[in-house]
Amino acid sequence: MTQGSAPPADRLPYGGWREGDPVAARRWVALEHPLELESGRHLPGVRLAYQTWGRLDREGSNAVLVLHALTGDAHLTGPAAPGQAGPGWWEGVVGPGLALDTDRYFVVAPNVLGGCQGSTGPSSKGPDGSPWGSRFPRLTLRDTVRAETALADALGVSSWAAVIGGSMGGMRALEWSLIHPDRVRRALVMACPAATSAWQIAWAAPQLHAIRSDPHWLDGDYHDTGRVPSEGLGVARRIAHITYRGSRELDERFGRLPQEGEDLDDRGRYAVESYLDHQAGKLVRRFDAASYVLLTEAMNAHDVGRGRGGVATALKAMPERTIVAGVDTDHLYPLHQQEEIACHLPVPGRVRVIESAQGHDGFLTATDQVSALVEELLAR
Ligand SMILES: CC(=O)SCCNC(=O)CCNC(=O)[C@H](O)C(C)(C)COP(=O)(O)OP(=O)(O)OC[C@H]1O[C@@H](n2cnc3c(N)ncnc32)[C@H](O)[C@@H]1OP(=O)(O)O
Ligand SMILES: N[C@@H](CCO)C(=O)O
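Note that the coordinates shown come from a computational prediction; the quantities given were computed from them, not determined experimentally.

1. A short note on the UniProt feature "binding site: substrate" (unreviewed entry) in the protein chain
Move 1: Mapped onto this numbering, the UniProt entry annotates "binding site: substrate" (unreviewed entry) at Arg 237 and Asp 361. Separation in sequence by 125 residues is not matched in space for these annotated residues, since their most distant C-alpha atoms are only 13.7 Å apart.
Move 2: Residues contacting Arg 237, with those up to four places away along its chain left out, are Thr 71, Tyr 244, Gln 279, Ala 280, Leu 283, Arg 286 and Tyr 292.
Move 3: Among the secondary structure elements, Asp 361 is positioned in the loop between strand E13 (352–354) and helix H10 (362–365).
Move 4: Overall, Asp 361 belongs to the buried group, its relative accessible area being 10%.
Move 5: When residues no more than four places from it in sequence are discounted, the contact partners of Asp 361 are His 241, Tyr 244 and Arg 245.

2. Considerations on the site of ligand 1
Move 1: Inspection of the region around ligand 1 gives 23 residues, with Arg 245, Arg 253, Ser 274, Tyr 275 and Lys 282 positioned closest.
Move 2: In this structure, Arg 253 approaches ligand 1 through a side-chain N or O atom, which is 2.7 Å from an oxygen atom.
Move 3: Within the side chain of Ser 274, one N or O atom sits 2.6 Å away from a nitrogen atom of ligand 1.
Move 4: Relative to its unbound accessible surface of 1000 Å², ligand 1 loses 67% to contact with the protein.
Move 5: With seven residues, helix H6 (residues 271–286) is the largest single contributor of residues to the shell around ligand 1.

3. Focus: the site of ligand 2
Move 1: With respect to spatial proximity, the complete set of residues near ligand 2 consists of Ala 69, Leu 70, Thr 71, Ser 167, Arg 237, Tyr 244, His 360, Asp 361, Phe 363 and Leu 364.
Move 2: Within the side chain of His 360, one N or O atom sits 2.9 Å away from an oxygen atom of ligand 2.
Move 3: When ligand 2 sits alone it has 260 Å² of accessible area, and the protein chains cover 94% of it.
Move 4: Among the secondary structure elements, those contributing two or more residues to the shell around ligand 2 are helix H4 (230–244) and H10.
Move 5: Its residues assigned to classes, the shell around ligand 2 shows five nonpolar, three polar and two charged.

4. Here we look at H6
Move 1: Compared with an ideal rise of 1.5 Å per residue, which puts 16 residues at 22 Å, H6 spans 23 Å between its outermost C-alpha atoms and is within 8% of the ideal.
Move 2: Within the sequence span of H6, burial applies to Ala 271, Ser 274, Tyr 275, Leu 276, Gln 279, Ala 280 and Leu 283.
Move 3: Of the surrounding elements, those touching the buried residues of H6 are H4, helix H5 (247–254) and helix H7 (289–300).

Cut-offs used in this document
- Residues numbered from 1 in each chain as written.
- Chains lettered and ligands numbered in written order.
- Predicted model: local features only at pLDDT ≥ 70, side-chain atom pairs only at ≥ 80, totals over all residues.
- Heavy atoms only, no water.
- UniProt positions renumbered as here; feature names shortened; annotations may be inferred.
- Contact = heavy atoms within 4.5 Å.
- Helix = DSSP H or I, 4+ residues; strand = E, 2+ residues; numbered from the N terminus.
- Buried < 20%, exposed > 50% of the residue type's maximum accessible area, 1.4 Å probe, protein only.
- Near = heavy atom within 4 Å.
- Polar contact = N/O pair within 3.5 Å; in protein donor to acceptor, adjacent residues only side chain to side chain.
- Areas by Shrake-Rupley, 256 points an atom, 1.4 Å probe, with all protein chains shown as cover.
- Nonpolar A, V, L, I, M, F, W, Y, C, P; charged D, E, K, R; others polar.
- Expected span 1.5 Å × (residues − 1).

And the structure:
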């Protein structure tokens, strides 16, 4: 296993992974051997990008793993790297004296395998030096956990004090706990299901279709062409973003208003259309379409019960100290899915409800309530 603090030289980052990055704790780890995937295939040359905050104690017992959502990254908090847009995605939750107190805990956030923010994914160069593109193997979320097992080993973390995640991060927190029951002491699982439902696969379908219909998609082999399937990815993000937000929220924020300075009678847009255009444009600038497809398919395949005797049996192996939370207005991953998880835990409990108008994104925006959950988890 090799490790470093500079980005892998063969990586064209979409995020902030550049030579001379001023934040010392942005690192990567390279797996020595090809990663054996759930499919039986092997993925060579795996590198995982990650960031850390705080220090690991002598016993190696104070490490907390935070797992990001679909288009997230390893940057939880702190100054952005040069060229990287914006602060971290969990500002106010992680830091000195905050709920995830970096004076006490060693916080680790990897970029998911298959992603495009520093870790190996379809846009990385394959063994022959050209981008993986369509040759990149299908992944499951279990594969992403197996890759991170090597990261935990490299960091000297024998067991995590807690594994925390929302949405895809929550699915992966479940898988971490079930693959390594001896290495996860607590879990906080937010806004995700035990198994992806028809409703969620249905919402993903037009997104995948939009990307694959883009003339620049080229069956996933576009990385060397100088063109990217930005129209398709933009449509996918618009669809996804509607599912991430509250219906009442959008009504109250935008109503039937036209976008400022635009005339609806002269091809102008409604304000909400402009908002979705903005969200699409931001994602297209920071995310790779092939990673989006790969990870969406990995989420579609998510089922903690697969090969474990079903969901109810599988969840019995979760840590006793598990908190499950959902957002009251989340119409993508509705609360009944978190209730299902909570009722099958070894210590069945009630779901913690995050009250937020902002739908699924509540686990990102309601930082005070999320902080309270993190504090409760770590106090147990
Ligand atoms: C766990 C993870 O790692 S997930 C990764 C986190 N990041 C993302 O998901 C990126 C996508 N963004 C989001 O999902 C959300 O914006 C969040 C959750 C990050 C933040 O949500 P909020 O703070 O509620 O932001 P909101 O949805 O209101 O969007 C604000 C943006 O819309 C823009 N906007 C608002 N109204 C309009 C409009 N009528 N026309 C155009 N743009 C508009 C704002 O100017 C602002 O732009 P900026 O982000 O470039 O500054
Ligand atoms: N806004 C989040 C929602 C997905 O859970 C993301 O883009 O990853």
